[in-house]
Amino acid sequence: EAGDRQRDTREIGGGDVDSTTGLGRGLGRGKGKSRGSTKIESKAPSKKVQPAGPKNYFDSTGATSKKVSDPQMQLQAIPPQRLRTLLAQLPVRHAVERGSMHQRLEAHFPHWKDYLRCGVSLIFYGVGSKKELLEGFASSTLTDGAVVVVNGYFPSLTIKEVIFNVVCNLGIGQEEDLKCLSILQLLSKAKDAKSRCYLVINNIDGTSLHSPEVQALLADLSSLSMVHMIASIDHINAPLLWDKKLLARFNWMWHAADTLAPYIAETAHVPLMLAGMAEDRQVRGAANVLKSLTSNSRAIFKALADLHNSNEDETGVSFPKLYLRCREEFLASSELTLKGHLTEFCDHQLVRQKRGHDGQEMLHIPTSLESIKLLLAEVEN
């Protein structure tokens, strides 16, 4: 033979995977030597891949140029307000059947009140919205005490607001004196209550109430002798919120309440599937990044967002203006400290820096004013 062939081989598809791009490493060309042979090399065109992850939530929400074969996927997204208007115009069906089911449940109102007097808490489950049922029960039957209605599906609801309103309706002190107290101090004052209070919670499994800390505080509130809790759940996995200890403190009595009523109020704050979701993705991505930062960084970003929203006609916020605002609110003691926070914002692509018309460096939040307002509300929760 003319000679031995020497070949260098590499494993294809078995290399390490880059965590930032998702592409594999270790793909190479073979090198060979042979007499009278022609060396042919093929080089694949380089393709720029944008790194994935939460940092690119402002840039990755743009429209893509990829064509979709399914014609249903090419439909234009309907504005959320227009879609809700169209859904409200749909005819009401099975009104007679719903009315008869509601009347059968109303017949149990006196028994439910007796159960509350025995020291148990009532929880209702079933298909359909139970908001009208529980509020009707409270207004028609629970007339021997104050009634506090809490909408757990409201995204900006806080547990301190719930406890504060309950303690105020128990007749303990003045509202001005109770505002400066902490949650634990409010609960300790509620133990000395002499009047009765009924707490009605629509969707106790809502997004603003489903954390373990909030559920523990609600259990402390329901264990008070003068506080009677009536709650509803709609998620199928809602009982997983409570362990044995919390269940013992709540002392639930379960009741099936199928109303088949539409979830109009409960879904008013939920983005619709047929509406555009780009703004919601931006807000959630930026909120996750801000929640990972310190409280001081979030306060500085809030100050920047307030200045950004108040100056709609300007191209951004100047650094001296932001520094003056932070000095007034005791958020940054020096320009170096503030620049460190701004560098962190720029690294996470929350803020962009650009030159103004006068050559001054301006700070700009690359999203719409409505998205900024939703972002601040999400972070405050």
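Reading guide: rules and limits
Residues numbered from 1 in each chain as written. Predicted model: local features only at pLDDT ≥ 70, side-chain atom pairs only at ≥ 80, totals over all residues. Heavy atoms only, no water. Helix = DSSP H or I, 4+ residues; strand = E, 2+ residues; numbered from the N terminus. Buried < 20%, exposed > 50% of the residue type's maximum accessible area, 1.4 Å probe, protein only. Polar contact = N/O pair within 3.5 Å; in protein donor to acceptor, adjacent residues only side chain to side chain. Axes fitted to C-alpha atoms, helices over the stretch in contact; angles between N-to-C directions. Parallel < 35°, antiparallel > 145°, perpendicular 65-115°, else oblique. Left-handed = near helix turned anticlockwise from the far one by under 90°. Contact = heavy atoms within 4.5 Å. Nonpolar A, V, L, I, M, F, W, Y, C, P; charged D, E, K, R; others polar. Core = buried A, V, L, I, M, F, W, Y, C linked by side-chain atoms within 4.5 Å. Pairing = 2+ DSSP bridges. Expected span 1.5 Å × (residues − 1). Arc of directions from axis to C-beta.

Engineer: Where do I start with the environment of Asp144 in this structure?
Structural biologist: Turning to its location among the elements, Asp144 is positioned in the loop between α4 (131-140) and β4 (146-151). Residue Asp144 is classed as partly exposed on the basis of its relative accessible area, which comes to 32%. The spacing of Asp144 and Tyr198 is 54 residues in sequence and 9.4 Å in space, taken between C-alpha atoms. A polar contact is formed between the side chain of Asp144 and the side chain of Tyr198, at a distance of 2.8 Å.

Engineer: So what exactly am I meant to see when it comes to the packing of helix α11 (residues 295-310) against helix α12 (residues 319-328) here?
Structural biologist: The axes of two packed helices give the description: the angle between them and the distance between them. Close contact between α11 and α12 brings their axes to 10 Å; oriented N to C, the two are set at 125°. Comparing the axis directions of α11 and α12 gives the class oblique. Judged by the twist between their axes, the crossing of α11 over α12 is right-handed. Between α11 and α12, the residues in contact are Ile300, Ala303, Leu304, Asp306 and Leu307 and Lys321, Leu322, Arg325 and Cys326, respectively. Looking at the contact of α11 with α12 residue by residue, the classes come out as six nonpolar, no polar and three charged.

Engineer: Honestly, helix α5 (residues 159-169) in this entry has me stumped. Any pointers?
Structural biologist: Residues separated by three or four positions in an α-helix point in the same direction, a consequence of the helix having 3.6 residues per turn. Turning to α5, its buried residues number three or more, namely Ile159, Val162, Ile163, Phe164, Val166 and Val167. On the buried face of α5, the contacting elements are β4, α6 (175-178), α7 (183-190), β5 (197-202), α8 (212-222) and β6 (227-232). Two residues or fewer past α5, Gly171 is found with a positive phi of approximately 80°.

Engineer: What's the story with the side chain of Ser129 in this structure? I'm lost.
Structural biologist: With respect to the helices and strands, Ser129 occurs in the loop between β3 (121-125) and α4. From its side chain, Ser129 meets the backbone nitrogen of Lys131 in a polar contact 3.5 Å long. Setting aside anything within four residues of it in sequence, one finds Ser129 in contact with Thr259, Ala261, Pro262, Tyr263 and Glu266.

Engineer: Teacher, can you tell me more about the nonpolar core here?
Structural biologist: Here is a general trend for soluble globular proteins: nonpolar side chains tend to be buried in one another's company. Formed by 39 residues in total, the largest nonpolar core has its most connected members in Leu199, Ile201, Ile204, Leu218, Leu221 and Phe250. When residues of this core are traced back to their parent elements, those giving at least two are β4, α5, α7, β5, α8, β6 and α9 (244-250). The greatest single-element share of this core, amounting to six residues, is contributed by α5. One finds Ile300, Ala303, Leu307 and Ile372 within the second-largest nonpolar core, a separate group that totals 28 residues.

Engineer: Can you help me understand the sheet that holds strand β10 (residues 361-364) in this one?
Structural biologist: Think of a sheet as strands paired side by side through backbone hydrogen bonds, with each pair either parallel or antiparallel. Taken together, three strands build an open sheet; the order of strands is β8-β10-β9 and the sheet is antiparallel. At either end of the open sheet lies a strand with only one pairing partner, and these are β8 (317-318) and β9 (352-355). As judged from the four bridges shared by β9 and β10, these two strands associate in the antiparallel manner. When the sheet's bridge partners are listed, Arg355 is paired in β10 with Glu361.

Engineer: What exactly am I supposed to notice about the environment of Val214 here?
Structural biologist: One can find Val214 in helix α8. By relative accessible area, Val214 is classed as buried at 11%. In this structure, the C-alpha to C-alpha distance between Val214 and Lys160, residues 54 residues apart in sequence, is 9.4 Å. Excluding anything up to four places from it in sequence, Val214 contacts Ile159, Ser208 and Leu209.

Engineer: What's the story with helix α13 (residues 335-347) in this structure? I'm lost.
Structural biologist: Between its terminal C-alpha atoms α13 stretches 18 Å, which fits the 18 Å expected from 13 residues at 1.5 Å a residue. Of all the residues in α13, the buried ones are Leu338, His341, Leu342 and Phe345. End-on, the buried residues of α13 take up no more than an arc of 100°, which puts them together on one face. Residues of α13 that are buried sit in contact with α11, α12, β9 and β10. Gln349 sits one or two residues past α13 and shows a positive phi near 60°.

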